[in-house]
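Inside the fold
Given next are the chains, with one letter for each unit.
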Amino acid sequence: MKTTNTMTLIRSLDKAMMENLKVYRNGSVGSEQNFVVVNHENVDAYEVTANNGIITGCTCPHAFHRNAVCKHQIKTSLVHSMDIQQLRQ
Ligand SMILES: [Zn+2]
């Protein structure tokens, strides 16, 4: 069965809500801010990037290779009240 973008988004939303992800600030350079999102077992850590308060990407394979809105971006969005660029288009 083909996976639609909507299904992918709902799955990421679900994971962002259910999993105990932690978001840490990882500094900023100019208008760019970086966050590190770590899962509850501290085994996965991915970097979420924002520009001018808008989330622009994540280093996880889901976002980087498939261009999906991943749970890391959604979690960062929820914690820091920031929009996700991909959802604004
Ligand atoms: Zn991600």
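Residues numbered from 1 in each chain as written. Predicted model: local features only at pLDDT ≥ 70, side-chain atom pairs only at ≥ 80, totals over all residues. Heavy atoms only, no water.

**Comments concerning the pattern of salt bridges**
- According to the stated counting rule, one finds 2 salt bridges in the structure shown.
- Lys71 serves as the salt-bridge partner of Glu19, at 2.8 Å between the closest nitrogen and oxygen. One end of the pair, Glu19, is in the loop between helix H1 (5–18) and strand E1 (22–29); the other, Lys71, is in helix H3 (residues 71–80), and 52 residues separate them in sequence.
- Of the charged contacts in the structure, one is a salt bridge between Asp83 and Arg88, with a shortest N-O distance of 3.7 Å.
- Of the residues examined, Asp83 reaches a relative accessible area of 44% and is grouped as partly exposed.
- The class of Arg88 is exposed, set by a relative accessible area of 53%. (Salt bridge = Lys/Arg side-chain N within 4 Å of Asp/Glu carboxyl O. Helix = DSSP H or I, 4+ residues; strand = E, 2+ residues; numbered from the N terminus. Buried < 20%, exposed > 50% of the residue type's maximum accessible area, 1.4 Å probe, protein only.)

**Overview of the pairing of strand E3 (residues 45–51)**
- Here strand E2 (residues 32–38) pairs with E3 via 7 bridges, running antiparallel. Paired with Val37 across the bridge in E3 is Tyr46.
- Linking two consecutive strands that pair antiparallel, namely E2 and E3, is a turn of 6 residues; a positive phi of about 55 degrees is found at Asn42 within it.
- Once E3 ends, the chain turns through 2 residues before running back antiparallel as strand E4 (residues 54–58), passing Asn52 with a positive phi of about 50 degrees. (Pairing = 2+ DSSP bridges.)

**A few points about the coordination of the zinc ion**
- For the zinc ion, every protein donor is listed as Cys58 (SG), Cys60 (SG), Cys70 (SG) and His72 (ND1), and the spread of their distances is 2.1 to 2.3 Å.
- Geometry at the zinc ion is tetrahedral, judged from the 4 donor atoms that bind it and their angles of 103 to 112 degrees at the metal.
- We note that the donor set of the zinc ion lies within a single chain, spaced as C-x1-C-x9-C-x1-H. A residue pair is termed long-range when its members are at least 10 positions apart, and Cys58 in strand E4 and His72 in helix H3 qualify at 14 residues. (Donors = N, O, S within 2.8 Å, 3.2 Å for Na, K, Ca; no water. Tetrahedral: all angles 85-135°; square planar, octahedral: opposite > 155°, others 65-115°.)

**A look at a nonpolar patch on the surface**
- Residues Met17, Met18, Leu78 and Val79 make up a contiguous nonpolar surface patch of roughly 450 Å² in combined accessible area.
- Elements supplying a minimum of two residues to the nonpolar patch: H1 and H3. (Patch = residues over 30% accessible without salt bridge, like charges linked within 9 Å, V, L, I, M, F, W, Y side chains within 5 Å. Areas by Shrake-Rupley, 256 points an atom, 1.4 Å probe, with all protein chains shown as cover.)

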